[in-house]
Amino acid sequence: MELYLVRHTAPVAAAGLCYGQSEVDADPAETLAAAARLRTLLPAAAPLFSSPSRRCRVLAEALAAAPRFDERLREMHFGQWEMQPWSAIPHAQLDAWQADLLGFAPPGGESAAALYRRAGAFLRDLPGTAEAAVIVAHAGVLRALAGHLLALPAAEWTALGFEFGSASLIKRGGPGAALVWHNRRSRVIDMIDI
């Protein structure tokens with residue numbers, strides 16, 4: 001099975017803001033332009049699954065006639081940190097998070113381990129009969145999905161980067177999976193990369 005992991009386009013939010021599950025919009029024109037570019041990379045007939053967050057929803061609806069929205073694809077919930085500048089978050093809390101990246105949960109939020117578990121639950125429920133599927137989500141969720149699919153240790157999957165408005169392809173089958181390409185934006189870039 002081919003799994004195309006697509007990150008939403010850049011949100012229209014103040015720089016340095018922690019927004020996690022908060023509803024922030026992406027620029028509509030940028031989202032439509034990204035959808036036009038990404039369509040050249042994605043299989044047209046593949047089912048598309050998406051986070052219900054607006055910044056993902058708009059891209060998903062531009063890519064597919066009938067996207068399927070799943071709550072488990074929402075970004076990590078940062079609790080009291082949501083919509084706060086990162087610079088305003090108490091240093092002691094940020095230090096605690098850095099010391100226990102998987103287990104620490106911001107006050108009122110969820111841990112990376114909880115995000116990883118719900119990403120795994122989504123993958124377990126993904127129909128195995130399709131040849132391909134497209135998933136439109138957030139960086140944290142895409143990291144967790146890639147971590148599951150590629151059997152990466154936490155230190156590796158939490159460090160993965162997924163660029164705004166890009167797609168990455170993971171092929172799974174038999175005993176394992178492989179990252180085929182990462183952070184592609186269009187077929188033209190594919191040709192240049194070769």
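How each quantity is defined
Along each chain, numbering runs from 1 in the same order as the chain's sequence is written. Under the rules for a predicted model, residues below a pLDDT of 70 receive no local features and side-chain atom pairs below 80 are neither given nor counted, while totals for whole chains, interfaces and linings still include all residues. By convention in this description, side-chain values take in all heavy atoms of the structure and omit both hydrogens and water. Per the convention used, a helix needs a DSSP run of H or I reaching at least four residues, while a strand needs a run of E reaching at least two, with both numbered from the N terminus. Our radius of gyration is a C-alpha quantity, and the globule rule it is checked against amounts to 2.2 Å times the number of residues to the power 0.38. Buried residues are those whose accessible area, probed at 1.4 Å on protein chains only, stays under 20% of the maximum for their type, while exposed residues exceed 50% and partly exposed ones sit between those limits. For the accessible areas, the method is Shrake-Rupley and the probe is 1.4 Å, while residue cover comes only from the protein chains on display. Charge convention: Lys and Arg are scored as positive, Asp and Glu as negative, and His as well as the terminal groups of each chain are ignored. Taken as the charge centre is NZ of Lys, CZ of Arg, CG of Asp or CD of Glu, depending on the residue. By definition here, a salt bridge exists when the distance from a side-chain nitrogen of Lys or Arg to a carboxyl oxygen of Asp or Glu is within 4 Å. Here, the term nonpolar core denotes a set of buried Ala, Val, Leu, Ile, Met, Phe, Trp, Tyr and Cys residues that are joined through side-chain atoms within 4.5 Å. When checking whether two residues touch, look at their non-hydrogen atoms; a contact exists if any pair is within 4.5 Å.

### Let's talk about the overall build of the protein
Inference 1: In terms of regular secondary structure, the protein is built from 7 helices and 8 strands.
Inference 2: Here the protein has a C-alpha radius of gyration of 16 Å; the compact-globule value for 194 residues is 16 Å, and the two agree.
Inference 3: By principal-axis analysis of the C-alpha atoms, the protein measures approximately 45 × 40 × 30 Å.
Inference 4: For the protein, the proportion of its 194 residues judged to be buried stands at 48%.
Inference 5: Accessible surface, the protein: about 9100 Å² in total, of which carbon and sulfur atoms supply 57%.
Inference 6: One way to put it: in the protein the 18 positive side-chain charges average out to a point 4 Å from where the 19 negative ones average out.

### Some thoughts on the pattern of salt bridges
Inference 1: Evaluation of the coordinates by the stated rule reveals 9 salt bridges.
Inference 2: As a salt-bridge pair, E2 and K171 come within 3.4 Å of each other at their nearest N and O atoms. Pair noted here: E2 is in strand β1 (residues 2–7) and K171 is in strand β7 (residues 167–173), with a separation of 169 residues, a long-range link.
Inference 3: A relative accessible area of 40% means that K171 is categorised as partly exposed.
Inference 4: A salt bridge links R57 to E61; its shortest N-O distance comes to 3.6 Å. Of the two residues, R57 and E61 are both situated in helix α2 (residues 54–63); the distance of 4 residues between them amounts to about one turn of the helix.
Inference 5: Because the salt bridges share partners, they merge into one network encompassing E23, E71 and R74.

### Examining the nonpolar core
Inference 1: One finds L3, L5, L73, F122, I135 and L145 to be the most contacted residues of the largest nonpolar core, which totals 31 residues.
Inference 2: For this core, the secondary structure elements donating two or more residues are β1, α4 (112–125), β6 (132–137) and α5 (139–150).
Inference 3: Here this core takes 6 residues from α5, the largest share from any one element.
Inference 4: Contacts of L145, omitting those with residues within four sequence positions, involve L5, L73, A119, F122, L123 and I135.
Inference 5: Counting 20 residues, the second-largest nonpolar core is a separate cluster that includes A35, A62, V136 and A167.

### Brief notes about the environment of A62
Inference 1: Relative to the elements of secondary structure, A62 occurs in helix α2.
Inference 2: Take A62: its relative accessible area is 17%, and that puts it in the buried class.
Inference 3: When the C-alpha atoms of A62 and E163 are compared, they prove to be 18 Å apart, with 101 residues separating the residues in sequence.

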